[in-house]
2 protein chains.
Amino acid sequence: MVAVAVEPTHVIGVDLGGTKILAGVLDREGRVGRQTQRTTPVSSTADLLAALEETVGELLEPGGIAALGFGIPGTIDQGRGRVEVAPNLPLAEFDFREWMEKRFGLPVGMDNDANAAAIAEWAIGAGRGTRHMVMLTLGTGVGGGLILDGRPYRGSVGAAGELGHIVIQHDGPPCQGVCTGRGHLESLASGTAAGKAARELLGPDASAHDLVREAQAGNAAAASALAEIGRKLGSGIGSLVNIFNPELVVIGGGFAAAGDLVLDPAREVMRREALQPARDLVRIVPAVLGSEAGLVGAGLVGFEALDS
Amino acid sequence: MVAVAVEPTHVIGVDLGGTKILAGVLDREGRVGRQTQRTTPVSSTADLLAALEETVGELLEPGGIAALGFGIPGTIDQGRGRVEVAPNLPLAEFDFREWMEKRFGLPVGMDNDANAAAIAEWAIGAGRGTRHMVMLTLGTGVGGGLILDGRPYRGSVGAAGELGHIVIQHDGPPCQGVCTGRGHLESLASGTAAGKAARELLGPDASAHDLVREAQAGNAAAASALAEIGRKLGSGIGSLVNIFNPELVVIGGGFAAAGDLVLDPAREVMRREALQPARDLVRIVPAVLGSEAGLVGAGLVGFEALDS
């Protein structure tokens, strides 16, 4: 007779965004069951933690949840389970993992939101089956995630994969937010860069979305502005191909909606910048999971905490 | 009674350079015993292979050598054991590993020369005890090597770590050799860049070495030229710190002789470009093994082949 232990088989994944908290119950295959969401309170750390507590509480099933996983838009110290800084949230130098573990008595995994999205695309999305994958998330900023030798790479304390902060123009224009750098991918090839081009071309109220729509409708100047952003993205991707020799570069985030208007020029410059044989082996593809990637990735990070 | 098998405990490491072949017998701790060297014949592939065969043959000890390891200045396809391209050698699209395995009947490891140097610095040099180390080799070109999560990282086919070919100036000046890229670290922060500055400042026969000597002797213009190269190096290192969150960045190669004339400005710009907490955790240090790094690394790659 074989004794089979009945063990909880699901986790709760929480995608903590700057505007909303999206959470759900997931199985090991990344399938999402019950979900809940609410507006992110940014008034204070206490309010934010209370909202997270309620969110998790809503989804908890007695005996059914094995772990929690969180995707957080900020810099994480994995060793200490600490949020160092999260520019759009009232969380700084906060021992997040310890707090959650104490509150719920469950293993807690946490990661940067862009890492979580990369893990999701790798496990069940565009990067399924690869062992070497780089993901760029193009939004207001540019996030990054790395799968190297078949596992997520996080660096010495968990702060790796800040791919939006690679320099593609030495001494170039200042970066965004807390970053003191210059000429970073984030300032030159993000939705923010497209928004700036939109305002210059289409007027003070135009957005990155308008620029993409105009280009799709045949506006040559709009297409050219997006192509220039794509070419800069291509310099960044070329660097990453030379560094990682990845099988795949996955492009996600809201600004990825620009599609081949940005990706074709990016591919062209990547081919100029990258060396053989890495150049011919890599594919640059759009993400497939859309806005659910963060939630799925957070859940998978929860399973990682359970298994470690 | 315990049977103890007597097994060979040493490997032969071969540092195949564009001008000389340096080879030696090594133990697992990276200690080098007997050595031999000869000029690299570049007249033909056959001549080069004959020289390698003689070099290894000289060091072979019947029953005493367990494997061979080679460091090669070119792009390697690890999966196929193939040299794709080696700009300064008559080796292209050559199935090097298979050839050597057949010739000597021993396991054969091979790697890019910069990877080999990084492995050596990690195992017994400046990076001893670290798990996340980036190495840059500044010479005529700029090579790179990566130790990630406690092991060498080579990418999907072994072409990773081409850190000299990261873009730090989008649409910048053309790169060197077979590379079609623009504004790469290799063209802006190498010994070649210093040689160019030397000729502009000190006359048509001046070298990078002269520029360093002049700066050390108090020539402000020479020091300023080196500082500018160091600042560009700092943009590259800043990118690498944001990507990898490494404990250590090791700077080796002939041009590293410029020391803090280059490294201090590099550290300053790195601190501007890199995010917290990675920025404060990383150290930028000179390599310690000097010209022996390639030989030691080649030997350690031989042990890797033996153990795999």
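Worth saying up front: this structure is predicted, and the values here are computed from it rather than measured. (Residues numbered from 1 in each chain as written. Chains lettered and ligands numbered in written order. Predicted model: local features only at pLDDT ≥ 70, side-chain atom pairs only at ≥ 80, totals over all residues. Heavy atoms only, no water.)

Residues and elements named next belong to chain A. With the rule as written, the count across this model stands at 48 salt bridges over all chains. Put simply, E228 and R231 hold a salt bridge, and the shortest N to O gap is 3.8 Å. Here the residue E228 and the residue R231 both occupy positions in helix α7 (residues 220–244), the gap between them amounting to three residues, near one helical turn. The class of E228 is partly exposed, set by a relative accessible area of 32%. Via salt bridges that share partners, D77, R80, R82, E84 and D95 belong to a single interconnected network. (Salt bridge = Lys/Arg side-chain N within 4 Å of Asp/Glu carboxyl O. Helix = DSSP H or I, 4+ residues; strand = E, 2+ residues; numbered from the N terminus. Buried < 20%, exposed > 50% of the residue type's maximum accessible area, 1.4 Å probe, protein only.)

On to the side chain of D77(B), then. By the element assignment, D77(B) lies in strand β5 (residues 75–77). Setting aside its immediate chain neighbours within four residues, D77(B) contacts R82(B), E84(B) and V157(B). (Contact = heavy atoms within 4.5 Å.)

Under the fitted operation, chain A is carried onto chain B by 0.0 Å of movement along the axis and a turn of 180°, and the coordinates agree to an RMSD of 0.0 Å. In the structure described here, the two chain copies are related by an operation that fits a two-fold rotation axis. (Least-squares fit on C-alpha atoms with pLDDT ≥ 70 in both.)

Moving on, we come to the interface of chain A and chain B. Taken together, the 51 residues of chain A in the interface contact 51 residues of chain B. Regarding the contact of chain A and chain B, the summed buried area is about 4,200 Å², with carbon and sulfur atoms giving 54% of it. Along the contact surface separating chain A from chain B lie four salt bridges. Of the charged contacts in the structure, one is a salt bridge between R231(A) and D171(B), with a shortest N-O distance of 3.0 Å. Here chain A is connected to chain B by 32 residue pairs in polar contact (both at pLDDT 80 or more). Within the residue set of the side of chain A that touches chain B, elements represented by two or more residues are β10 (142–148), α7, α8 (260–273) and α9 (278–281) of chain A. (Buried area = accessible area lost by both parts, 1.4 Å probe. Polar contact = N/O pair within 3.5 Å; in protein donor to acceptor, adjacent residues only side chain to side chain.)

Residue and element names in this part refer to chain B. When strand β2 (residues 20–26) meets strand β3 (residues 32–39), the two strands line up antiparallel, connected through six bridges. If you follow I21 over to β3, its bridge partner there is R38. Once β2 ends, the chain turns through five residues before running back antiparallel as β3, passing G30 with a positive phi of about 85°. (Pairing = 2+ DSSP bridges.)

It is worth spelling out the pairing of strand β1 (residues 10–16) of chain A at this point. All names here are of chain A. A large share of β1 lies buried, amounting to six of its seven residues. In the sheet, β1 pairs with strand β4 (residues 65–72) via six bridges, with the strands oriented parallel. Residue pairing for β4: G13 is matched across the bridge by G69. In the sheet, β1 pairs with strand β2 (residues 20–26) via six bridges, with the strands oriented antiparallel.

Here we come to the sheet that holds β4(A). All names here are of chain A. Strand order in the open sheet made by the five strands is β3-β2-β1-β4-β8, with mixed pairing throughout. This sheet does not close on itself; its edge strands, each paired only once, are β3 (32–39) and β8 (108–112). Averaged over all pairs of adjacent strands, the angle between their axes in this sheet comes to 15°, without regard to strand direction. Together, β1, β2, β3 and β4 form the strand contacts of helix α1 (residues 45–59), whose direction differs from that of β3 by roughly 155°. The strands that helix α2 (residues 96–104) touches are β4 and β8; relative to β8, the one it contacts most, it runs at about 150°. (Axes fitted to C-alpha atoms, helices over the stretch in contact; angles between N-to-C directions.)

The next point concerns helix α7 (residues 220–244) of chain B. Residue and element names in this part refer to chain B. Relative to the 36 Å expected for 25 residues at 1.5 Å per residue, α7 spans 35 Å between its end C-alpha atoms, a close match to the ideal helical length. Burial of α7 is extensive: 18 of the 25 residues sit out of reach of the surface. Regarding α7, its N-cap is N219, as a side-chain oxygen of that residue lies 3.0 Å from the backbone nitrogen of A221 further along. Downstream of α7 by a residue or two, N245 has a phi angle that is positive, lying close to 45°. (Expected span 1.5 Å × (residues − 1).)

As a further point, take the sheet that holds strand β12 (residues 248–252) of chain B. Two modes of strand pairing occur in sheets, parallel and antiparallel, and in both the strands are linked by backbone hydrogen bonds. All names here are of chain B. With respect to topology, five strands assemble into an open sheet ordered β11-β10-β9-β12-β13, the strand pairing being mixed. Edge positions in the sheet fall to β11 (151–152) and β13 (283–286), since each of these pairs with one other strand and no more. Bridging between strand β9 (residues 133–138) and strand β10 (residues 142–148) involves six bridges; their strand directions are antiparallel. Bridging from a neighbouring strand, M135 pairs with G145 of β10. The strands touched by helix α3 (residues 113–124) are β9, β10, β11 and β12; relative to β10, the strand with the most contacts, the crossing angle is about 50°.

Following Q276(A), the chain continues to P277(A) via a peptide bond in cis, the omega torsion being -5°. You can see P277(A) is positioned in the loop between α8 and α9. Positive phi is not limited to glycine here, since E93(B) has a value of about 45°. Mapped onto the elements, E93(B) comes out in strand β7 (residues 92–94). Given a relative accessible area of 55%, E93(B) falls into the exposed group. One non-glycine residue, D171(B), adopts positive backbone phi at about 60°.

Moving on to the nonpolar core. Judged by nonpolar contacts, the single largest core of 94 residues is most densely connected at L136(A), I237(A), F244(A), L136(B), I237(B) and F244(B). Discounting residues that sit within four places of it in the chain, I237(A) has contacts with L136(A), V249(A), I251(A), A266(A), M270(A) and I284(A). (Core = buried A, V, L, I, M, F, W, Y, C linked by side-chain atoms within 4.5 Å.)

Right, let's talk about helix α8 (residues 260–273) of chain B for a bit. All names here are of chain B. Under the 1.5 Å per step criterion, the end-to-end length of α8 is 19 Å for 14 residues, consistent within 8% with the ideal 20 Å. Every buried residue of α8 is listed here: V262, L263, P265, A266, V269, M270 and E273. Buried residues of α8 fall within an arc of 170° about the axis and therefore sit on the same side. (Arc of directions from axis to C-beta.)

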